[in-house]
Amino acid sequence: ADKGALWHVALNDSMARLCDSQAERFSWLASGALQDASSAARELERGMNSGAVGAIVAAHLDGRNLGECELDEYWAACVELNAPVFIHPAQPVAPPRAGRFALNQIVAYTNDTTLTVGSLISAGVMDRFPDLQFILSHGGGSVPFLIGRFDRMYRAADGHVTGNVAEHSPSDYLTRFHYDTILHHGPALNYLRDLVGLERMLLGTDLPFPPGDPDPLATLRNAGFGSAEIETIVKTNPEALFGL
């Protein structure tokens, strides 16, 4: 955690310098070494005081789902600082079954998000911090498509056995999250809109990485989104969420 904290200080400082020099174009999200929730909370506060508009975290902590980690002090700081938290999956080393065919980028990354969102709901993080705002990359991973399965297991499995302490069905938490639009598929974008509502969607690009969308506005237009809907996704929603 101590070594990680130094890296995050360097990263946040360089992000602040870049965005200060290009303030008309860029805003930034602060990160911290989550192995020490207290240290990460202090670094987030420092970052927000330096101009960050929110926080960014990986979808797991040394292979553990975020909901299973002792991070309440960090989540509390995010709420106190009014910092939305962008969860981005992290699989720099592909799992054995995802080493070929780009399955790491296609499946393992999105599965990383799905697992940690399930843990945040089931471990009660969303109940303990009702004002905590999470942003999910890649349209929320598989969460929107598997939400019926999440609900079924919530009802069918004994929480004393599974460890699920959520106060409500998983689908009740869907509108507690925000979702980016990196889905590359019109019907999927329309399904996401119908499921969570237009007001929960944010423009994403994933650039400059290979899964990135080189023309995300065209993707929305081709999916049948009108100009007013695109304006909501591109401008209205992020301005409201980040207080821009």
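Just so we're clear, the structure is a prediction, and the values are computed from it rather than from any experiment.

Conventions used here
- Residues numbered from 1 in each chain as written.
- Predicted model: local features only at pLDDT ≥ 70, side-chain atom pairs only at ≥ 80, totals over all residues.
- Heavy atoms only, no water.
- Phe/Tyr/Trp six-rings, centres within 6.5 Å; stacked < 30°, edge-to-face > 60°.
- Helix = DSSP H or I, 4+ residues; strand = E, 2+ residues; numbered from the N terminus.
- Buried < 20%, exposed > 50% of the residue type's maximum accessible area, 1.4 Å probe, protein only.
- Lys NZ or Arg CZ within 6 Å of the ring centre and 35° of its normal.
- Pairing = 2+ DSSP bridges.
- Salt bridge = Lys/Arg side-chain N within 4 Å of Asp/Glu carboxyl O.
- Right-handed = clockwise from strand over helix to strand, strands pointing away.

### A few points about the packing of aromatic side chains
Enumeration according to the criterion identifies three aromatic pairs in this entry. Look at Trp75 and Phe134: their rings are 5.2 Å apart centre to centre, the planes differ by 85 degrees, and that puts the pair in the edge-to-face class. With a gap of 59 residues between them, Trp75 in helix H3 (residues 72–80) and Phe134 in strand S6 (residues 134–136) connect regions that are remote in the sequence. Of the two residues, Trp75 and Phe134, both sit in the buried class. Aromatic side chains Phe134 and Phe177 sit 6.0 Å apart centroid to centroid with 25 degrees between the ring planes, which places their arrangement in the stacked category. With Phe134 in strand S6 and Phe177 in strand S7 (residues 177–180), the pair connects residues that are 43 residues apart, well separated along the chain. Counting every residue linked through ring pairs, the aromatic cluster contains Tyr74, Trp75, Phe134 and Phe177. Directly above the ring of Phe225 sits Arg193, whose terminal nitrogen or CZ lies 4.6 Å from the centroid.

### Thoughts on the sheet that holds S6
Taken together, the six strands give an open sheet; going across it, the order is S1-S2-S5-S6-S7-S8, and neighbouring strands pair in parallel fashion. Either end of the sheet is taken by a strand with one partner, and the two such strands are strand S1 (29–30) and strand S8 (201–202). With three bridges connecting them, strand S5 (residues 85–88) and S6 associate as parallel partners. In the strand pairing of S6, Phe86 is matched with Ile135.

### Focus on the pattern of salt bridges
Summed over the entire model, instances satisfying the criterion amount to six salt bridges. With a closest N to O distance of 3.6 Å, Arg193 and Asp194 form a salt bridge. Asp194 gets classed as exposed once you look at its relative accessible area, which sits at 60%. The residue Glu239 makes a salt bridge to Lys235 at a minimum N-O spacing of 2.7 Å. Separated by four residues within a single helix, Glu239 and Lys235 lie in helix H10 (residues 227–242), roughly one turn from each other.

### Quick notes on unusual backbone geometry
The step from Leu207 to Pro208 runs through a cis peptide bond, and the omega angle for that step is 10 degrees. Summarising the element assignment, Pro208 is placed in the loop between S8 and helix H9 (216–222). Not every positive phi belongs to a glycine, and Asp62 is a case in point at roughly 50 degrees. Judged by its relative accessible area of 63%, Asp62 falls in the exposed class. Positive phi is not limited to glycine here, since His138 has a value of about 55 degrees. The class of His138 is buried, set by a relative accessible area of 9%.

### Looking at the pairing of strand S2 (residues 54–58)
As defined by bridge partners, S1 adjoins S2 across two bridges and the pair is classed as parallel. Across the sheet, the residue bridging to Leu29 is Gly54, located in S2. Handedness of the crossover joining S1 and S2 through helix H2 (residues 37–49): right-handed. As judged from the four bridges shared by S2 and S5, these two strands associate in the parallel manner. Pairing of Ile56 across the sheet is with Phe86, part of S5.

The values are spatial; any link to function lies outside them.
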